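Structural overview
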Amino acid sequence: MSSYILISSQTLGSNTTTVTFNSVPTTLNGKTLRDLVLVIDGAGGNGDFYPRLRFNSDTGTNYHWVSAQGNGSSASTFTGSGENGQQLSNGVFFSTSQRTMIYSQVFDFTQTNKHKSVLSRANRGNQGTEMLSGRWASTSAITSVLLYSGNGNSLATGTVVSLYGIEG
Amino acid sequence: MPIPLGVLAVAGAGGAALPSYELIQSVTSGYFQNIDFTNLQTQSSNYRHLQLRGVVRATGGDGTLSMKINEASSGYAYHWLGRSEYNANVNSSGAGSVLSINLGTMPQTADIFASFVIDILDAFSTSKNKTVRVSWGSTTGASDPRAIYIMSGLYNSTSAITSINFNSGNNPVLATGTRISLYGIRG
């Protein structure tokens with residue numbers, strides 16, 4: 001059995017503003033999970049969708065990030081601190097006109113002796129590519145993951161959101 | 001159409017095929033300066049590529065996480081791209097006696113760890129120099145160092161990989177909670 005295991009995958013049947021994975025398992029197929037991988041492949045529904053996560057429904061100002069992006073003509077870096085959701089990308093987001101793919105990894109999600117680290121990559125053909133490092137300043141084990149947009153917009157019908165666990 | 005021999009060998013052997021991505025070993029540090037993965041030649045018939053995933057924190061001083069392959073003290077080169085804790089735009093390179101996995105220092109603040117993923121392609125080939133790619137992220141406080149970058153590394157040897165060693169530098173050690181896991185990928 002592989003150490004890289006699908007936990008759940010959702011294909012959106014309509015424009016959707018939030019996607020939630022509740023009761024994230026700590027073991028699956030006899031494997032103890034260490035890291036999470038979230039893959040989002042789709043487009044914005046009613047406008048641009050700026051992907052953010054909330055862990056355990058935490059709306060406190062506990063999320064921090066730094067990112068670097070390139071768009072073909074210039075390279076830029078950005079930072080954010082004390083925000084109420086975990087950015088997965090800053091300048092590369094889901095538009096209604098072209099698909100975007102984001103691959104995000106959350107490390108040691110069950111460990112209670114460390115903040116939770118995030119590594120994320122965002123890719124969109126006509127806009128650019130971005131890498132982001134994030135941190136949820138909490139030692140709580142992650143039990144739920146909420147995906148939403150910073151501006152309240154939706155993801156489009158057909159967008160696929162998948163959550164994987166990695167044994168470690 | 002003839003059936004490829006490899007497919008026959010897997011399907012007809014009566015045993016389950018090995019997973020395409022599998023945990024080989026996971027090491028957590030309790031105040032160590034080194035984390036070592038050894039006897040990797042025993043994995044050469046099972047896997048083609050290796051991946052290392054981890055979170056690291058230093059204690060006792062500034063530390064840079066470095067990596068050696070086969071205990072070699074020469075033959076490494078690397079390029080970084082991204083943002084370091086000291087420079088908003090990094091496009092730099094280096095070479096030397098180790099692969100410097102991070103540019104700058106590891107976090108030292110309690111509970112805060114840097115995270116990374118390292119891929120080593122064709123790790124057991126004896127006809128190719130070894131290519132290493134790294135994604136590194138470190139997000140500390142608002143006024144503290146934050147870094148995100150990718151690194152491409154070279155181990156200029158065609159030897160099959162038999163060991164991988166991580167070191168935290170001269171004075172600091174890897175803090176409790178540091179974890180590095182090694183995975184094998186079939187190919």
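This text follows the structure it describes.
Here we summarise the structure given alongside this text. (Residues numbered from 1 in each chain as written. Chains lettered and ligands numbered in written order. Predicted model: local features only at pLDDT ≥ 70, side-chain atom pairs only at ≥ 80, totals over all residues.)

**Quick look at the overall build of chain B**
So the rule is basically this: The helix count covers DSSP runs of H or I at least four residues long, the strand count covers runs of E at least two residues long, and both are numbered beginning at the N terminus. Here exposure depends only on C-beta density: within 10 Å of a residue's C-beta, 20 or more other C-beta atoms make it buried, 12 or fewer make it exposed, and intermediate numbers make it partly exposed, the C-beta atoms being placed from the backbone. Here the contact rule is simple: place C-beta atoms from the backbone, and any two residues whose C-beta atoms are within 7 Å are in contact.
Scanning chain B from terminus to terminus reveals one helix and 14 strands. Out of the 187 residues belonging to chain B, those deemed buried represent 40%. Contacts in chain B between residues at least 24 apart in sequence constitute 76% of all its contacts with a sequence separation of at least 6.

**Topic: the interface of chain A and chain B**
Many authors give the size of an interface as the accessible area that is lost as the parts come together. To keep it simple, the criterion reads: Residue polarity follows a fixed list, in which Ala, Val, Leu, Ile, Met, Phe, Trp, Tyr, Cys and Pro are nonpolar, Asp, Glu, Lys and Arg are charged, and the others, Gly among them, are polar.
Counting residues at the interface gives 31 residues for chain A, matched by 30 residues for chain B. Put simply, the parts of the chain that give the side of chain A that touches chain B at least two residues each are strand S4 (31-42), strand S6 (63-70), strand S7 (75-83), strand S10 (116-124) and strand S11 (128-136) of chain A. Here the residues of the side of chain A that touches chain B are counted per class, giving 10 nonpolar, 15 polar and six charged.

**Describing the pairing of strand S7 (residues 90-96) of chain B**
Residues and elements named next belong to chain B. Just so we agree on the cut-off: In this description, strands pair whenever DSSP reports at least two bridges between them.
Where strand S6 (residues 76-83) and S7 come together, seven bridges link them in antiparallel fashion. By the bridge assignment for S7, Ala77 is matched with Ala95. Here S6 folds back onto S7, and the loop between the two strands holds six residues.

**Here's the deal with unusual backbone geometry**
Positive phi, normally seen in glycine, also occurs at A:Ser57, with a value near 60°. Relative to the helices and strands, A:Ser57 resides in the loop between strand S5 (51-55) and S6. Residue classification places A:Ser57 among the exposed positions, given that 11 C-beta atoms sit within 10 Å. Backbone geometry at B:Asp122 places phi at a positive 50°, although glycine is not the residue there. You can see B:Asp122 is positioned in the loop between strand S9 (114-121) and strand S10 (130-139).

**Notes on the sheet that holds S6(B)**
All names here are of chain B. Convention followed: A fitted line through C-alpha atoms serves as each axis, taken over the contacting stretch for helices, and the angle formed by two N-to-C directions is quoted from 0 to 180°.
Ordered in space as S1-S14-S3-S9-S10-S11-S6-S7, the eight strands form an open sheet in which the pairing is antiparallel. Lying at the two open borders of the sheet, with one neighbouring strand each, are strand S1 (21-28) and S7. Taking the axes of each pair of neighbouring strands and ignoring which way they run, one obtains an average angle of 15° across the sheet. Relative to strand S11 (residues 146-155), S10 runs antiparallel, the two sharing 10 bridges. Residue pairing across strands places Trp136 opposite Tyr149, the latter belonging to S11.

**Observations regarding the sheet that holds strand S2 (residues 34-37) of chain B**
Residues and elements named next belong to chain B. Spatially, the four strands line up as an open sheet ordered S2-S12-S5-S8, and their pairing is antiparallel. Single-partner strands in this sheet number two, and they are S2 and strand S8 (99-100). Here four bridges tie S2 to strand S12 (residues 164-167), and the two strands are oriented antiparallel to one another. Directly across from Phe37, in S12, lies its bridge partner Ile164.

**Thoughts on the nonpolar core**
Threshold: We define the nonpolar core as any set of buried residues of the types Ala, Val, Leu, Ile, Met, Phe, Trp, Tyr and Cys, connected via C-beta atoms lying within 7 Å of each other.
Counting 81 residues, the largest nonpolar core has A:Val145, B:Trp136 and B:Tyr149 as its most contacted members. If you tally residues by element for this core, the top one is S11(B), at five residues. With residues up to four places along the chain from it excluded, the contact list for B:Tyr149 reads B:Trp80, B:Leu81, B:Gly82, B:Arg83, B:Ser84, B:Val90, B:Leu103 and B:Trp136.

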